[in-house]
Amino acid sequence: MPLIDVSFPSPGLIDGRRIHDFVADYVSDKQLDEASIPFRCVATNFLLKQEVVITAGLMVDAVRASISIPGIFAPFKREENVYLVDGGVVNPVPVSVVRDMGADVVIAVNLNKDPKAERSNESSASKGSDTSSDSTAESKSSDQDTSDTLSSLANRYDALKDVLQDQVDQWIPDPQTGLNIFDVLGNSINVMEQRVTEANLQIDRPDLLIEPNLMEFGIFDFHQSKPMIQIGYDTAKAVMPRIQESLTSSD
């Protein structure tokens, strides 16, 4: 099913109805408060320039609103004169939202890691890297199950890549720069979110921050799902001792 429905004139290059229908195929008419794990979506009220934490209503609507990248996806109209765009505009790593939900330990994942920043996954992984032989054996025994899960997830994205990439490639890159309109918009938004993330994390720091370095990938690199998933897995595994320590200390 094509996921890109280009539309002009429009407040976004992509209408977003097909993405909405795609998500609906997985979550149907499930409500947010029906999730087995407490779940919130963060969006931005485009007109009021305010963060909106979606706590109720259809899950598909909440997801559609929270992924509405400005300029690329048309804003999601929640109600009259309420238009929502990507929550990353105001709160890319919503630590404050999770704390307000009552979490004892907040483990955050920042996908907007700036490779020039002082924080690094290597230094994070080096702290608490000593593990017992028992925990190492247990980790190895679970690798196969984890690998199967990752493969399943990657295959799901691979099923989308051809259709999505073909649609994006129709926007012919500029011969001088090699960039298309999606590259320009996507990279601009990434820069913005990096700076917002850095500022927010100075105020609301999680107990543990995981930062996979995905800067080599673009906003529409669905065809690169396998290496992205692997980077995320490897980064999380490297700090697993610290994750276990954080959870244990909260008991």
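See above for the structure.
The notes below deal with the structure included here. On a predicted model such as this, the values are computed, not experimentally measured, just so you know.

Moving on, we come to the overall build of the chain. Per the secondary structure count, the chain includes 8 helices and 8 strands. In the chain, which comprises 251 residues, the proportion classed as buried is 36%. The long-range share in the chain, meaning contacts at least 24 apart out of those at least 6 apart in sequence, stands at 66%. Accessible surface, the chain as shown: approximately 14,600 Å² in total, 52% of it carbon and sulfur.

On to the sheet that holds strand β3 (residues 50–54). In any sheet, the strands associate via hydrogen bonds between backbone groups, in a parallel or an antiparallel arrangement. Read across the open sheet, the 4 strands follow the order β3-β2-β6-β5; overall the sheet is antiparallel. With partners counted over all chains shown, the strands left at the sheet margins are β3 and β5 (76–79), one partner each. In this sheet, neighbouring strand axes are inclined to one another by 45 degrees on average, regardless of whether the strands run parallel or antiparallel. Judged from the 3 bridges that link them, strand β2 (residues 41–45) and strand β6 (residues 82–86) form a sheet pairing that is antiparallel. Directly across from A43, in β6, lies its bridge partner D86.

A word on the pattern of salt bridges. Here the structure, examined in full by the defined rule, presents 4 salt bridges. With its nearest N and O atoms 3.6 Å apart, the salt bridge here joins K77 to E80. Note on K77: relative accessible area 43%, which makes it partly exposed. One salt bridge in this structure joins E198 and R195, with 3.4 Å as the shortest N-O distance. Here R195 and E198 lie together in helix α6 (residues 181–203), a separation of 3 residues that amounts to about one turn. For R195, a relative accessible area of 44% corresponds to the partly exposed category.

Residues of helix α1 (residues 17–27) that are buried include every one of I19, F22, V23 and V27, and no others. Axial view of α1: buried residues confined to an arc of 125 degrees, hence all on one face. In α1, those exposed residues whose orientation departs by more than 90 degrees from the buried face are R17 and D25.

Most of β6 sits inside the fold, with 4 of its 5 residues counted as buried. Inspection of the sheet shows β5 paired to β6 by 3 bridges, in the antiparallel sense. By the bridge assignment, K77 is partnered in β6 with Y83. The hairpin turn running from β5 into β6, its antiparallel successor, is 2 residues long, and N81 in that turn takes a positive phi close to 65 degrees.

What follows concerns the packing of helix α7 (residues 225–238) against helix α8 (residues 240–249). Two numbers describe how α7 lies on α8: the axes approach to 4 Å, and their chain directions differ by 55 degrees. Of the possible angle classes, the one that applies to α7 and α8 is oblique. On α8, the residues touching A236, K237 and A238 of α7 are M240, P241 and I243. Broken down by class, the residue content of the contact of α7 with α8 amounts to 5 nonpolar, no polar and 1 charged.

With 24 residues, the main nonpolar core has I14, V23, I54, A65, I72, F73 and L84 as its most contacted residues. Contributions of two or more residues to this core are made by β1 (12–14), α1, β2, β3, α2 (59–66), β4 (71–73) and β6. Per-element accounting of this core gives the leading share, 5 residues, to α2. Not counting residues within four places of it along the chain, the set of residues in contact with V23 comprises V60 and V63. Counting residues in each nonpolar core, the second largest holds 6 residues, with V95, V106, L201 and L209 among its members.

One turn of an α-helix holds 3.6 residues; hence residues three or four places apart share an orientation. The end-to-end C-alpha distance of α7 is 20 Å, a good match for the 20 Å that 14 residues give at a rise of 1.5 Å each. If you check which residues of α7 are buried, you get S225, I229, Y233 and T235. Seen end-on, α7 carries its buried residues on one side only, within an arc spanning 165 degrees.

Residues F46, L47 and L48 make up a contiguous nonpolar surface patch of about 310 Å² in total accessible area. In this structure L47 comes out as partly exposed when scored by relative accessible area, which is 45%.

Glancing now at the pairing of β3. With 5 bridges joining them, β2 and β3 adopt antiparallel strand pairing. Bridge pairing in β3 links T44 to E51.

Cut-offs used in this document
- Residues numbered from 1 in each chain as written.
- Predicted model: local features only at pLDDT ≥ 70, side-chain atom pairs only at ≥ 80, totals over all residues.
- Heavy atoms only, no water.
- Helix = DSSP H or I, 4+ residues; strand = E, 2+ residues; numbered from the N terminus.
- Buried < 20%, exposed > 50% of the residue type's maximum accessible area, 1.4 Å probe, protein only.
- Contact = heavy atoms within 4.5 Å.
- Areas by Shrake-Rupley, 256 points an atom, 1.4 Å probe, with all protein chains shown as cover.
- Pairing = 2+ DSSP bridges.
- Axes fitted to C-alpha atoms, helices over the stretch in contact; angles between N-to-C directions.
- Salt bridge = Lys/Arg side-chain N within 4 Å of Asp/Glu carboxyl O.
- Arc of directions from axis to C-beta.
- Parallel < 35°, antiparallel > 145°, perpendicular 65-115°, else oblique.
- Nonpolar A, V, L, I, M, F, W, Y, C, P; charged D, E, K, R; others polar.
- Core = buried A, V, L, I, M, F, W, Y, C linked by side-chain atoms within 4.5 Å.
- Expected span 1.5 Å × (residues − 1).
- Patch = residues over 30% accessible without salt bridge, like charges linked within 9 Å, V, L, I, M, F, W, Y side chains within 5 Å.

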